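Survey of secondary and tertiary structure
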Amino acid sequence: MKLQRKNRRALALGAIAVSGALALTACGSDETGNTGGDTAASTGASNIKCDDASGQVLADGSSAQKNAVDAWVKQFSAACKVEINYKAGGSGAGVTAFTQGQVPWAGSDSALKPEEVEASKKICSGGQGIDLPMVGGPIAVGYNVPGVDKLVLDASTIAKIFDSKITNWNDPAIAKLNPDAKLPNLKIQAFHRSDESGTTDNFTKYLIATAKKDFPYEGGKAWQAKGGQSAPQSSGVAAQVKQTAGAIGYFELSYAKDGIKTVAIDTGAAAPVEANVDNATKAIADAKVVGTGKDLALELNYATKADGAYPMVLVTYEIVCDKGNKADTLPAVKAFLRYAASEDGQKILAENDYAPMPEAIISKVRTTVDSLS
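Owing to the predicted nature of the structure, the values given are computational and were not obtained by experimental measurement.

Turning our attention to unusual backbone geometry. Although it is not a glycine, serine 164 sits at a positive phi angle of roughly 60°. Among the structural elements, serine 164 can be located in the loop between α6 (155–162) and α7 (172–177). The exposure class of serine 164 is partly exposed, given its relative accessible area of 36%. The phi torsion at aspartate 353 lies on the positive side, around 65°, for a residue other than glycine. Tracing the backbone shows aspartate 353 in the loop between α12 (343–351) and α13 (359–371).

Glancing now at helix α9 (residues 233–243). All of the buried residues along α9 are Ser234, Gly236, Val237, Ala238 and Val241. Against β4 (129–144), β6 (189–193), α8 (198–210), β7 (229–231) and β8 (247–252) lie the buried residues of α9.

A few words now on the environment of lysine 294. Structurally, the position occupied by lysine 294 is in the loop between β11 (288–289) and β12 (298–299). The spatial distance from the C-alpha of lysine 294 to the C-alpha of aspartate 131 is 8.2 Å, given a sequence separation of 163 residues. In this view, lysine 294 contacts Ile130, Leu132, Asp322, Thr368 and Ser371; residues no more than four positions away in its chain are not counted.

Cut-offs used in this document
- Residues numbered from 1 in each chain as written.
- Predicted model: local features only at pLDDT ≥ 70, side-chain atom pairs only at ≥ 80, totals over all residues.
- Heavy atoms only, no water.
- Helix = DSSP H or I, 4+ residues; strand = E, 2+ residues; numbered from the N terminus.
- Buried < 20%, exposed > 50% of the residue type's maximum accessible area, 1.4 Å probe, protein only.
- Contact = heavy atoms within 4.5 Å.

These figures come from the coordinates and say nothing about function on their own.
Here it is as structure tokens:
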């Protein structure tokens, strides 16, 4: 009997040891190197400070940053009990919704105009709307020309194409820039935005700064040049380029997916510059803060000829009240923007074909977000 009791006891201790080992294995690293725990921890969302954030937040604005916002929301929602609904109806719609008090935060690829700042004072009790540069990136010129895998254009040629002055792909001006390309006798189908857009504003600012005589317009969020076809939002323009032979259009690099080829720009630098995140960051680093007070609006140098600097860039601003934010949404908006401006939030941008803000700029954004009231 004593021997049987000892055997039973040994078996029980062995079972406990095995179950303990299994428990430790479950809590340890798997084959991919991920440690156990909730989704928030494994995705890096564990660093997000939720504070008192809760409920729902409706926002609207720039479609240029939609893919970035979607990536942020995925991480933020995993950590905080907040539902962020970003409509991405375009910069114009976002600014209007903000100044009319329909949303506590908006995205715009252009800084607020003086009249928009004035209108915001009615919504921001004791304060005003300010611009916080959060997302950067190249405006890619995508094209669909069968048989042409690489294409170089300069500002003058791009301006003439989008103003219906160059209408065929085998035009001498395009051929001169692409001596090795087999350019087809094919009509150019130039697509621009149908809605008011900060992407249009920045695209035309580049053309005005570098090819004014070929693009004699004032610029702005609404398209002004002659001819061409239109589509709503960046996703709409990209879709048209993808499905239309002979098409060309402008949109953020993150929309240049599924085989859409992009133009390299001859800026006068040593070599044509490709549209990519690193090249865009080089151009944005040359920007100057021209906003006053807590406003951090930037002035970009579209005419840069620095080697490797892609000049056709935009910066998306998150627009909020510096003071007088609504008490029911302030904690959530503040927590979300704090995460977006954080090191983790900015790192996600590069993973999604956006350019992180230079440290000198984003550090000021972080300080301003912390001061929102």
